[in-house]
Amino acid sequence: MKEWDTFLPVLKKRLRPKRFDHSVSVARTAFSLAEKYGYDTSRAELAGLLHDYARDMSENDLLAVAENKGLISHPVERQVPVLLHGPVGAVLVKEDLGIIDNEILQAIACHTTG
């Protein structure tokens, strides 16, 4: 059993099947890259798995959470709310799943814009 197996049921409920499969694939790729470059594989894998945690939220919901949490840093994020799914996802992963590892949260928050 992998460390992130406990998050699979939650993620499966949040994401459409295709996006869920994508997230599992990203987790596997992150594991391989971390192994190759000497990074913590379990942390990379978890960040990969959860990177799209908020991706299937509606634009209105993304904007509402972003507004409430003070996450909007540029006007274009109001015009293209999907850009907020990274920062919103990081906040929700922390709140919903109790993940407090700042590197994992930062990876989730920044994966959309780098």
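This text goes with the structure placed above it.
Undergrad: Help me out: how do you make sense of the packing of helix α2 (residues 17–37) against helix α3 (residues 41–50) in this one?
TA: When two helices pack together, you describe them by how their axes are tilted relative to each other and by the distance separating the axes. Where α2 meets α3, the closest approach of the two axes is 7 Å, and the angle between their N-to-C directions is 155°. In terms of their interaxial angle, α2 and α3 are classed as roughly antiparallel. Helix-helix and strand crossings are classified by hand; for α2 and α3 the assignment is right-handed. The segment α2 lies against α3, with Ser-23, Val-24, Val-26, Ala-27, Ala-30, Phe-31, Ala-34 and Glu-35 engaging Thr-41, Ala-44, Glu-45, Gly-48 and Leu-49.

Undergrad: Would you mind going over the packing of aromatic side chains with me for this structure?
TA: Within a pair of aromatic rings, the relevant descriptors are the distance that separates the centres and the angle that separates the planes. Scanning all chains against the criterion turns up zero aromatic pairs. The ring of Tyr-53 has Arg-14 sitting right over it, with the charged end atom 4.0 Å from the ring centre.

Undergrad: Teacher, can you tell me more about the side chain of Asp-52 here?
TA: Its location among the elements puts Asp-52 in the loop between α3 and α4 (59–69). For the buried Asp-52, which has no salt bridge, the nearest side chain bearing the opposite charge is Arg-19, at an N-O separation of 4.2 Å. Looking at Asp-52, its side chain comes within polar contact range of the side chain of His-85, at 3.0 Å. Separated by 3.2 Å, the side chains of Asp-52 and His-111 make a polar contact. Every residue in contact with Asp-52, bar those within four places of it in the chain, is listed here: Leu-15, Arg-19, His-22, Ser-23, His-85 and His-111.

Undergrad: Explain the side chain of Arg-19 here, please?
TA: Inspection of the secondary structure assignment puts Arg-19 in helix α2. A relative accessible area of 16% means that Arg-19 is categorised as buried. Excluding residues that lie within four positions of it along the chain, Arg-19 makes contacts with Asp-52, Arg-55 and Asp-56.

Undergrad: Which parts of the structure should I look at to understand helix α6 (residues 85–97)?
TA: The buried count for α6 comes to 10 of 13 residues, which makes it a mostly enclosed element. Buried residues of α6: His-85, Gly-86, Pro-87, Val-88, Gly-89, Ala-90, Val-91, Leu-92, Val-93 and Leu-97, and no others. On its buried side, α6 packs onto α1 (8–14), α3, α4 and α7 (102–110). Just past α6, the residue Gly-98 takes up positive phi, approximately 75°.

The rules we used
Residues numbered from 1 in each chain as written. Predicted model: local features only at pLDDT ≥ 70, side-chain atom pairs only at ≥ 80, totals over all residues. Heavy atoms only, no water. Axes fitted to C-alpha atoms, helices over the stretch in contact; angles between N-to-C directions. Helix = DSSP H or I, 4+ residues; strand = E, 2+ residues; numbered from the N terminus. Parallel < 35°, antiparallel > 145°, perpendicular 65-115°, else oblique. Left-handed = near helix turned anticlockwise from the far one by under 90°. Contact = heavy atoms within 4.5 Å. Phe/Tyr/Trp six-rings, centres within 6.5 Å; stacked < 30°, edge-to-face > 60°. Lys NZ or Arg CZ within 6 Å of the ring centre and 35° of its normal. Buried < 20%, exposed > 50% of the residue type's maximum accessible area, 1.4 Å probe, protein only. Lys, Arg positive; Asp, Glu negative; His and termini not counted. Salt bridge = Lys/Arg side-chain N within 4 Å of Asp/Glu carboxyl O. Polar contact = N/O pair within 3.5 Å; in protein donor to acceptor, adjacent residues only side chain to side chain.

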